[in-house]
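Breakdown of the fold
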Amino acid sequence: MTASVESPAAGSTARETFASLNPATGEEIARYPVHTAEEVGEAVARARVGAAWWSALSPGERKRRLGAWAGVIAREREALCRLMHEENGKPRDDAFLEVLLSLEQLTWAAGHAGRVLRRRRVSSGMAMANQAASVEYVPLGVVGVVGPWNYPMFTPMGSIGYALAAGNAVVFKPSEYTPGVGVWLADAFARANPDATSGVFEVVTGLGATGAALCASGVDKIAFTGSARTGRKVMAACAENLTPVLMECGGKDALIVADGADIKAAVDGTLWGAMANSGQTCVGIERVYVVKGLETAFLTELKSAAAKLKTGSAHPDRVYGPMTMPSQVDVVRRHVEDAVAKGATAVVGGVDSIKEPFIDPIVLVDAPEDSAAVCEETFGPTVTVRTVADVDEAVALANATPYGLAASVYAGGARRGIDIARRLRTGMVSVNAVIAYAGIPALPFGGVGESGFGRTHGADGLKEFTRAQSVTRKRFNAPLDPTTFNRSQSTMKFLDRYVATKFGRK
Ligand code: NAD
């Protein structure tokens with residue numbers, strides 16, 4: 001993605017712009033401004049005004065206004081789906097799925113913010129019995145959201161929708177590969193709320209430097225979704241101002257096939273989890289561990305089902321589209337070549353499946369655990385499959401990664417799947433399904449390790465965009481008060497006996 005400077009009209013200054021390209025055809029869809037640090041600062045200043053107005057509304061009023069926004073998105077979904085299809089390359093139906101899940105998340109956040117964040121009484125304990133204590137979750141102010149291109153609506157909306165529902169204003173920097181979706185969402189918000197003070201939801205467009213400017217702008221929090229590599233830069237920039245960060249980074253998710261698994265369902269989940277959206281899914285399945293005895297049935301079914309998947313762009317029977325980011329094709333090629341060179345067998349496709357910008361499904365069996373295809377995020381329509389001795393080995397290998405976003409387990413018996421899930425070092429697990437947690441708004445979404453920290457979605461996702469404010473109110477003078485220079489020795493003696501009796505007994 002390169003930016004260019006357009007010739008200025010007479011009397012005006014040059015404006016740097018960049019093109020949003022259709023990844024299937026390479027055609028230019030539209031051009032967007034490269035917003036400078038100064039312009040980012042202006043957007044944040046507008047958002048400060050918007051935040052003051054928005055935070056003063058009642059949760060019920062914010063719910064009404066976010067509902068109006070959801071209404072515009074729902075009514076104009078075809079235009080949004082078309083734009084997502086053009087900018088990202090995903091099939092229209094996958095774009096629609098993104099719209100559906102985003103609307104579920106947005107309306108959940110709007111509907112639950114009042115209950116989750118309102119002031120509540122807490123016990124003040126024996127030592128502070130004369131105080132009434134309460135805690136409230138108060139908006140931070142202005143939240144900067146830096147988003148990726150792979151789910152250009154669903155992913156950033158996990159931050160934007162929850163930050164707005166919690167009473168913040170938002171400045172959103174969409175990916176340079178999908179700027180149109182970000183601009184469309186902000187425009188829909190403005191049309192749904194024509195009487196709102198401007199600045200509640202701002203969008204700035206540009207490349208990495210615009211995102212970096214947002215990180216340095218003094219916003220009250222940065223919600224970043226993208227690669228761990230960029231995440232480190234974001235954290236370093238935010239450290240300057242002690243700006244708190246939410247990190248939603250990459251993954252290397254595993255799927256475990258254990259005794260009693262429904263093999264057909266496990267294969268279906270593997271293919272959807274690994275190949276949908278051309279494998280460009282942070283919570284996509286990249287590794288499969290099959291317990292010994294099930295591998296023949298699993299691989300036979302997998303090969304036959306994968307052969308039916310058709311890659312392409314416009315035709316409705318194409319299950320996934322092109323690689324959105326041209327440079328990712330080279331990553332996929334490197335991972336496949338490295339795995340095969342180290343002894344893996346490509347049982348579906350191979351290097352020849354890479355027909356830029358499209359990649360047909362690739363399944364690699366027995367790729368060594370130190371090969372790039374097993375260790376690094378591939379972010380393409382490939383998956384590795386390894387037979388393991390038992391569930392213990394499957395869990396050990398699944399956990400042997402610096403990432404820790406999500407996982408799937410297919411196993412017989414409800415309890416068995418949950419037991420395996422609890423042993424996995426991830427933020428999310430689906431049993432007998434893939435990626436189901438992402439569609440349940442009440443469930444927090446996020447990872448551990450290189451996959452990041454902090455949570456979007458659910459009550460945790462609302463609290464992520466607030467500060468807890470603790471308030472005490474003195475109700476009466478305590479008979480024994482140690483926090484005054486007037487305290488007596490008898491007070492201290494009593495408290496000393498209290499500590500010895502309550503905490504010191506053997
Ligand atoms: P990326 O890291 O290249 O870019 C993400 C965003 O950061 C873009 O908007 C980019 O312009 C911006 N950016 C680049 N340099 C910056 C800087 N120095 N300061 C501030 N912002 C900067 O990631 P991507 O290629 O757009 O997205 C793919 C990655 O995102 C994958 O690793 C994927 O796993 C991850 N992802 C994670 C989740 C999740 O929820 N955990 C969801 C979707 C994608």
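The structure displayed is predicted, hence computed values, not measured ones.

1. Quick word on the sheet that holds strand E20 (residues 452-453)
The six strands are arranged E8-E7-E6-E9-E10-E20 in an open sheet whose pairing can be described as mixed. Looking at the sheet topology across the chains shown, the edges are occupied by strand E8 (201-203) and E20. Sheet contacts for helix H7 (residues 208-215): strand E6 (142-146), strand E7 (169-173) and strand E9 (221-225); angle to E7, the most-contacted strand, approximately 155 degrees.

2. Points about the packing of aromatic side chains
A full pass over the atoms with the stated rule returns 10 aromatic pairs. Ring geometry for Trp53 versus Trp54: centroids 6.2 Å apart, planes at 35 degrees, classification tilted. Classification of Trp54 by relative accessible area gives buried; the value is 0%. Aromatic pair Trp54 and Phe189: ring centres 6.0 Å apart, planes at 70 degrees, arrangement edge-to-face. In this pair, Trp54 is assigned in helix H1 (residues 37-56) and Phe189 in helix H6 (residues 179-192), connecting sequence segments 135 residues apart. Across this residue pair, the class does not change: Trp54 and Phe189 are buried. Through pairs of rings, three or more aromatic residues link up here, namely Trp53, Trp54, Trp69, Phe189 and Phe201. Its end group placed over the ring of Tyr151, Lys90 keeps NZ or CZ at 4.0 Å from the ring centre.

3. Things to note about a nonpolar patch on the surface
Among the surface-exposed residues, Phe96, Leu97, Leu100 and Trp272 lie close enough to one another that they form a single nonpolar patch of about 330 Å² accessible area. With three residues, the single largest contributor to the nonpolar patch is helix H4 (residues 92-117). Take Trp272: it is sitting in helix H9 (residues 263-275).

4. Overview of helix H10 (residues 295-307)
With 13 residues, H10 extends 18 Å from end C-alpha to end C-alpha; this agrees with the ideal 18 Å at 1.5 Å per step. Those residues of H10 not exposed but buried are Glu295, Phe298, Leu299, Leu302, Ala305 and Ala306. Along the axis of H10, the buried residues cluster in a sector spanning 135 degrees; they form a single face. Summarising the geometry of H10, the exposed residues directed more than 90 degrees from the buried face are Thr296 and Ala307. In the core, the buried residues of H10 are packed alongside strand E11 (253-257), H9, strand E12 (285-291), strand E13 (345-348), strand E16 (362-365) and strand E17 (382-388).

5. Quick notes on the sheet that holds strand E19 (residues 428-431)
Strands pair in a sheet through their backbones, by hydrogen bonds, and they do so in one of two ways: parallel or antiparallel. Pairing within the open sheet is mixed, and its seven strands lie in the order E13-E16-E17-E12-E11-E18-E19. Since the sheet does not close on itself, it has two edges, and those belong to E13 and E19, each with one partner. On average, adjacent strands in this sheet sit at an angle of 25 degrees to one another, irrespective of strand direction. In the sheet, E11 pairs with E12 via five bridges, with the strands oriented parallel. Paired with Ile256 across the bridge in E12 is Tyr289. Packing against the sheet, helix H11 (residues 326-341) makes contact with E16 and E17, and its axis sits at approximately 30 degrees to E16. Contacts from helix H14 (residues 414-422) reach E11, strand E18 (406-410) and E19 within the one sheet, and its direction differs from that of E19 by about 160 degrees.

6. What about the domain arrangement of the chain?
Under the domain assignment used here, the chain contains domain 1 (17-250 + 459-466) and domain 2 (253-400 + 406-441). Just the C-alpha atoms count here: the centres of domain 1 and domain 2 sit 30 Å apart. In this complex, domain 1 contributes 22 residues to the contact, which on the side of domain 2 involves 23 residues. Buried area between domain 1 and domain 2, both sides added, is near 1,800 Å², and the carbon and sulfur share of it is 60%.

7. Some words on the packing of H9 against H10
At a minimum axis separation of 9 Å, H9 and H10 run at an interaxial angle of 50 degrees. Considering the angle they form, H9 stands oblique to H10. For the crossing formed where H9 meets H10, the hand is right-handed. Residues Ile263, Lys264, Ala266, Val267, Thr270 and Leu271 of H9 touch H10, and the partners they reach there are Ala297, Phe298, Glu301, Leu302, Ala305 and Ala306. Taken together, the residues of the contact of H9 with H10 break down into nine nonpolar, one polar and two charged.

8. Digging into empty space enclosed by the protein
Evaluated as defined, the whole model comprises two cavities of 30 Å³ or more. In this structure, the largest cavity occupies an estimated 90 Å³ of space. The wall of the largest cavity is formed by 15 residues, among which Arg287, Ala398, Thr401, Ala406 and Thr426 lie closest to the centre. In terms of residue class, the lining of the largest cavity is made up of seven nonpolar, four polar and four charged. Taken as a whole, the second largest cavity holds about 30 Å³ of empty space. Secondary structure elements with two or more residues in the lining of the second largest cavity: E12 and E17. Top contributing element to the lining of the second largest cavity by residue count: E17, with three residues. Looking at side-chain class alone, the lining of the second largest cavity contains four nonpolar, one polar and three charged residues.

9. Structural notes on a positive patch on the surface
A cluster of basic side chains, namely Arg115, Arg118, Arg120 and Lys463, defines a positive patch on the protein surface. Among the secondary structure elements, Lys463 is positioned in helix H15 (residues 458-463).

What counts and what doesn't
Residues numbered from 1 in each chain as written. Predicted model: local features only at pLDDT ≥ 70, side-chain atom pairs only at ≥ 80, totals over all residues. Heavy atoms only, no water. Pairing = 2+ DSSP bridges. Helix = DSSP H or I, 4+ residues; strand = E, 2+ residues; numbered from the N terminus. Contact = heavy atoms within 4.5 Å. Axes fitted to C-alpha atoms, helices over the stretch in contact; angles between N-to-C directions. Phe/Tyr/Trp six-rings, centres within 6.5 Å; stacked < 30°, edge-to-face > 60°. Buried < 20%, exposed > 50% of the residue type's maximum accessible area, 1.4 Å probe, protein only. Lys NZ or Arg CZ within 6 Å of the ring centre and 35° of its normal. Patch = residues over 30% accessible without salt bridge, like charges linked within 9 Å, V, L, I, M, F, W, Y side chains within 5 Å. Areas by Shrake-Rupley, 256 points an atom, 1.4 Å probe, with all protein chains shown as cover. Salt bridge = Lys/Arg side-chain N within 4 Å of Asp/Glu carboxyl O. Expected span 1.5 Å × (residues − 1). Arc of directions from axis to C-beta. Domains from an automatic or database assignment. Buried area = accessible area lost by both parts, 1.4 Å probe. Parallel < 35°, antiparallel > 145°, perpendicular 65-115°, else oblique. Left-handed = near helix turned anticlockwise from the far one by under 90°. Nonpolar A, V, L, I, M, F, W, Y, C, P; charged D, E, K, R; others polar. 1 Å grid on protein atoms, 1.4 Å probe; cavity = no way out; pocket = protein on both sides within 12 Å on 5 of 7 lines; lining within 4 Å. Points joined across faces, edges and corners; volume = space filled by probe spheres on them. Lys, Arg positive; Asp, Glu negative; His and termini not counted. Charge placed at Lys NZ, Arg CZ, Asp CG, Glu CD.

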